[in-house]
Amino acid sequence: MIAKTQELTRMYRLGASVIVAVNKVNLEVKEAAFVSIVGPSGSGKTTLLNLIGLNDRPTSGKVFFKSEDTSLLTDKERRKIRLQNIGFVFQTFNLLPTLTALENVELPLALAKVPPKLQREKAIQLLEAVGLSDRLQHRPKELSSGEMQRVAIARALANNPCLILADEPTGELDSETGYEITKLLLSLCRKHKTTVVVATHDERVAKASDVKYSIRDGMIT
Amino acid sequence: MRVTVMCLRNLLRRRFRTSLCIFGVSLATIFIVAVGATTTNYTVVIREMNIFFSGDVVVVAEGAMVIQAFPVAGGNLPVSVVEKVQQVNGVKTAVPMLVRFGYQFETVIQLAPTNVSVGIPPGNWSVLVGNTPLKPGGNWPSPDLGKKEVVVGSSLAKQYDLTVGSEVKMENTNLTVAGILDTRSALLSRSLILPLELAQRLYYGHTMWIGNMVVAQPEEGVTEKEVTDRIEAEILGVEALTTDERNEIVEPLLQDIETWSLGISSVLYLLGMVLVTTVAMINVSERRRDFATLDAIGAPRSSIFRIVVTETTLIGLLGGLAGILLGSIAAILIASFYTNIPLSMFFFDLFNIISPFFMIKILASTVAVSCVAGVIPAIAASRMNISEVLRSEY
């Protein structure tokens, strides 16, 4: 078991009202599984991914990461887990605009204090793996949306994480590119036995998944 | 990751804003350097003036304005004063002098208190110059007034290209340079020393006044204070000043100048800090997503903090360097304007106007202030609620 939630709830205060973004969610993510969380916009997918990815703390309930209760962890320990065990892929790619594709992929390696030479080798290898060997020195604004998402995936893989969390990875892409990205994520899961959790409302992604969770109004249905 | 390179690129991405911010910092630094260097030089020169006649009593006409050891304005002394001072119990020697500030060859200028001409009885030169030697080939002025000989300071000689034997014209009189003082003293290097009687004829047109000051050296075992009290009790219309009293006249003024200079610098640093903080806050708020992404991929808070502080520090470094360069030029222009010494002489002597230590101190202060200015934006960036930022971007 890579991740597990127990009665996971996240509420936000918006002015005078309280919004329940995630409501008593129980789910399990097994190793090497391709899991999709499907739901319309505003259903709580991103919040759920942020909770599983330890970017956020629940209002109540628990998130277990590799059987460890993450509610007991300090911020520093949660960052360490994010750096070493979890890779994030965002809908809008979130590449750092002033860094080249190569440097964006090197970034998590540098943060993990990998020696510079190894950083470079690993980053080149990853970018080659996602088909961007000819785009190493390009800045994000010089890349197409599909290429940017590939760089983001390479970055997510940099520290060999056991879990990849992808939030609407095809949301900003055209149908064909979206399909390519889905195939790429799927192949990662199959070839490298990496667990992938995808929040999406793309039916093709959902169909490709091993496990599908539907979420509506913060609740798994 | 090469944080500095990354930060430089971040700054270059917002070129206009960064340039304006650097310009603002450099503007503050220019003023700090120019004001600091000018006041420092001024106070150093004024303080140096009190090295002269240290341990001796200076006698001037009552009501004369004295800056350190020298009367800069006020009355002249009759010839009889020298004899009276000499007769005061406890006075070893009494040497009259005629001191004039602000002369220039051919004309007299008002704004330059640097040039000084001093008339001294021949043979008493050391009372003013101490052990300062003359450059090789030079001699002290002859007592023969017909020769009209003078000694000039090294800076004056350099400015007017004077050598031994050169002629200079003052008060419609041609004077011959007999020697050049080999000195780095701000006052002596700009001085023109001549026999007292020649100075009397040049400035007064007669010898009824002896000059405008008398230097009284106390006998061994007699204090300056005792001599001062006796002179003021026995001779009417004069004021006698001990070394400490002379210091007391200008020290509060110098301290005021230094306090004002420090105050102006502090205000400018504060303004620079506010500017850098504001720009950094804008940068951080525009790059919320970048910082949230760094946070999400596990960057330690210290890394995010470091990025913002490095950026503001770079602004301070670049602004400081530009400010020091331009401020040095401004300080030289100010010095040149107020002393009538050509710019070229200051450029050759830049480090005497603005010491390397002063430059390093200003640069270090500017960098430190910019670094501190980055702290609040850096805290804001490193304590961002990432889930909120990532959620709000869709």
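Keep in mind the model is a prediction, meaning the values are calculated, not measured. Counting restarts for each chain: residues are numbered from 1 in the order of the written sequence. Following the order in which they are written, the chains are lettered starting with A and the ligands numbered starting with 1. In keeping with the model being predicted, local features are shown solely for residues with a pLDDT of at least 70 and side-chain atom pairs are shown and tallied solely at 80 or more, while totals for entire chains, interfaces and linings include all residues. As a rule here, side-chain values cover all heavy atoms of the structure and leave hydrogens and water aside.

1. Concerning the sheet that holds strand β5 (residues 68-69) of chain A
All names here are of chain A.
Line of reasoning, step 1. Read from one edge of the open sheet, four strands run β2-β1-β4-β5, paired in antiparallel fashion. Strand pairing shows two members of the sheet lacking a second neighbour, β2 (17-29) and β5, which therefore form its edges.
Line of reasoning, step 2. Two strands are counted as paired when DSSP detects at least two bridges linking them. Each helix is a run of DSSP H or I of at least 4 residues and each strand a run of E of at least 2, with the numbering of both proceeding from the N terminus. For strand β1 (residues 3-14) and strand β4 (residues 60-65), the ladder comprises five bridges, and the chain directions are antiparallel. For Thr-9, the partnering residue across the bridge sits in β4 and is Ser-60.

2. Details of the environment of B:Val151
All names here are of chain B.
Line of reasoning, step 1. Structurally, Val-151 is set in strand β7 (residues 149-153).
Line of reasoning, step 2. Under the scheme applied here, a residue whose accessible area is under 20% of the maximum for its type counts as buried, over 50% as exposed, and between as partly exposed, the area being computed with a 1.4 Å probe on protein chains only. Classification of Val-151 as buried rests on a relative accessible area of 0%.
Line of reasoning, step 3. When the C-alpha positions of Val-151 and Val-369 are compared, they lie 49 Å apart, and in sequence the two are 218 residues distant.
Line of reasoning, step 4. Contact definition: two residues touch when any of their heavy atoms are within 4.5 Å. Sequence-distant contacts of Val-151, that is, excluding residues within four places in its chain, are made with Leu-134, Asn-139, Trp-140, Pro-141, Gly-179, Leu-181, Ser-191, Leu-192 and Ile-193.

3. Some points on the environment of B:Thr223
Line of reasoning, step 1. Looking at the element boundaries, B:Thr223 is found in the loop between β12 (213-218) and α7 (224-234).
Line of reasoning, step 2. Spatially, the C-alpha atoms of B:Thr223 and B:Ile51 are 18 Å apart, while their sequence positions differ by 172 residues.

4. Some thoughts on the pattern of salt bridges
Line of reasoning, step 1. Just to be clear on terms, a salt bridge is a Lys or Arg side-chain nitrogen sitting within 4 Å of an Asp or Glu carboxyl oxygen. Inspection of the entire model under this criterion finds 19 salt bridges over all chains.
Line of reasoning, step 2. Note that A:Lys62 is salt-bridged to A:Asp69, the shortest N-O span being 3.4 Å.
Line of reasoning, step 3. Judged by relative accessible area, which is 33%, A:Lys62 ranks as partly exposed.
Line of reasoning, step 4. Two residues, B:Arg287 and B:Glu311, come together in a salt bridge whose shortest N-O distance is 2.8 Å. On the criterion of sequence distance, the pair formed by B:Arg287 in the loop between α8 (243-286) and α9 (288-296) and B:Glu311 in helix α10 (residues 301-339) is long-range, its members being 24 residues apart.
Line of reasoning, step 5. By relative accessible area, which is 4% here, B:Glu311 ends up buried.
Line of reasoning, step 6. Each of the salt bridges in this network shares a partner with another, and the network as a whole consists of A:Arg57, A:Asp75 and B:Arg301.

5. Comments concerning the side chain of B:Asn283
Residues and elements named next belong to chain B.
Line of reasoning, step 1. If you trace the backbone, Asn-283 turns up in helix α8.
Line of reasoning, step 2. Overall, the relative accessible area of 5% leaves Asn-283 in the buried class.
Line of reasoning, step 3. Residues in contact with Asn-283, not counting those within four places in the same chain, are Arg-14 and Arg-17.

6. Digging into the pairing of strand β7 (residues 163-167) of chain A
Residue and element names in this part refer to chain A.
Line of reasoning, step 1. For β7, the buried fraction is high: five of the five residues fall into the buried class.
Line of reasoning, step 2. Burial along β7 is two-sided: Leu-163, Leu-165 and Asp-167 facing one way and Ile-164 and Ala-166 facing the other are all buried.
Line of reasoning, step 3. Note: strand β6 (residues 86-89) against β7, four bridges, orientation parallel. Paired with Phe-88 across the strands is Leu-165, a residue of β7.
Line of reasoning, step 4. Of the pairings in the sheet, the one linking β7 to strand β8 (residues 195-200) comprises five bridges and is parallel in character. In the strand pairing of β8, Ala-166 is matched with Val-198.

7. A look at the nonpolar core
Line of reasoning, step 1. Ranked by internal contacts, the top residues of the largest apolar core, which has 63 residues, are A:Leu48, A:Ile86, A:Leu163, A:Leu165, A:Val197, B:Phe291 and B:Leu294.
Line of reasoning, step 2. When residues in this core are grouped by element, the largest group, six residues, is from α10(B).
Line of reasoning, step 3. For B:Leu294, the residues in contact, after removing those within four places along its chain, are A:Leu96, A:Leu107, B:Ala299, B:Ile304 and B:Ile307.
Line of reasoning, step 4. Among the nonpolar cores identified, the runner-up in size contains 36 residues, and B:Val91, B:Val150, B:Val152 and B:Met170 belong to it. Buried Ala, Val, Leu, Ile, Met, Phe, Trp, Tyr and Cys residues that are joined via side-chain atoms within 4.5 Å together make up what is termed a nonpolar core.

8. Comments concerning the sheet that holds strand β8 (residues 167-170) of chain B
All names here are of chain B.
Line of reasoning, step 1. Pairing is mixed across the open sheet formed by nine strands, whose spatial order is β8-β9-β7-β10-β6-β5-β12-β1-β13. What marks the edges here is a single partner per strand, and that holds for β8 and β13 (238-241). Pairwise comparison of adjacent strand axes, ignoring direction, gives a mean angle of 35 degrees for this sheet.
Line of reasoning, step 2. Alignment of strand β1 (residues 57-61) against β12, held across three bridges, turns out to be antiparallel. Looking across to β12, one finds that Val-57 is bridged to Ala-216. Fitted lines through C-alpha atoms serve as axes, helices being fitted only where they are in contact, and the angles separating the N-to-C directions of these axes extend from 0 to 180 degrees.

9. Observations regarding the packing of aromatic side chains
Line of reasoning, step 1. Classification of ring pairs uses Phe, Tyr and Trp, with its six-membered ring standing for Trp, and accepts pairs whose centres are within 6.5 Å; under 30 degrees between planes counts as stacked, over 60 as edge-to-face, and the remaining range as tilted. Applying the stated criterion across every chain yields a total of seven aromatic pairs over all chains.
Line of reasoning, step 2. For the ring pair B:Phe52 and B:Phe53, a centre distance of 6.3 Å and an interplane angle of 55 degrees mean the geometry is tilted. As far as burial versus exposure is concerned, B:Phe52 and B:Phe53 are alike and both buried.
Line of reasoning, step 3. Linked through ring pairs, B:Phe52, B:Phe53, B:Phe70 and B:Phe101 together constitute an aromatic cluster.
Line of reasoning, step 4. Its guanidinium or amino end placed over the ring of A:Phe64, A:Lys4 lies 5.8 Å from that ring's centre, counting from NZ or CZ. Sitting over a ring, as applied to charges here, requires NZ of Lys or CZ of Arg to be within 6 Å of the ring centre and within 35 degrees of the ring normal.

10. Focus: the interface of chain A and chain B
Line of reasoning, step 1. Opposite the 32 residues of chain A that make contact, chain B presents 25 residues.
Line of reasoning, step 2. Note on terms: buried area is the combined drop in 1.4 Å-probe accessible area of two parts once they are placed together, counting the loss on both. Approximately 2600 Å² of surface area, both sides summed, lies buried where chain A meets chain B, with 55% of it carried by carbon and sulfur atoms.
Line of reasoning, step 3. Area buried by chain A at its contact with chain B is led by A:Arg79, A:Thr98 and A:Leu111, which between them contribute 23% of it.
Line of reasoning, step 4. On the surface where chain A and chain B come into contact, there are four salt bridges.
Line of reasoning, step 5. Two residues, B:Arg301 and A:Asp75, come together in a salt bridge whose shortest N-O distance is 3.5 Å.

11. Looking at unusual backbone geometry
Line of reasoning, step 1. You will see that A:Glu7, though not glycine, has its phi angle at about 50 degrees, which is positive.
Line of reasoning, step 2. Position of A:Glu7 among the secondary structure elements: in strand β1.

12. Description of helix α1 (residues 45-52) of chain A
Residues and elements named next belong to chain A.
Line of reasoning, step 1. Most of α1 sits inside the fold, with eight of its eight residues counted as buried.
Line of reasoning, step 2. Those residues of α1 not exposed but buried are Lys-45, Thr-46, Thr-47, Leu-48, Leu-49, Asn-50, Leu-51 and Ile-52.
Line of reasoning, step 3. Leu-54 sits one or two residues past α1 and shows a positive phi near 65 degrees.

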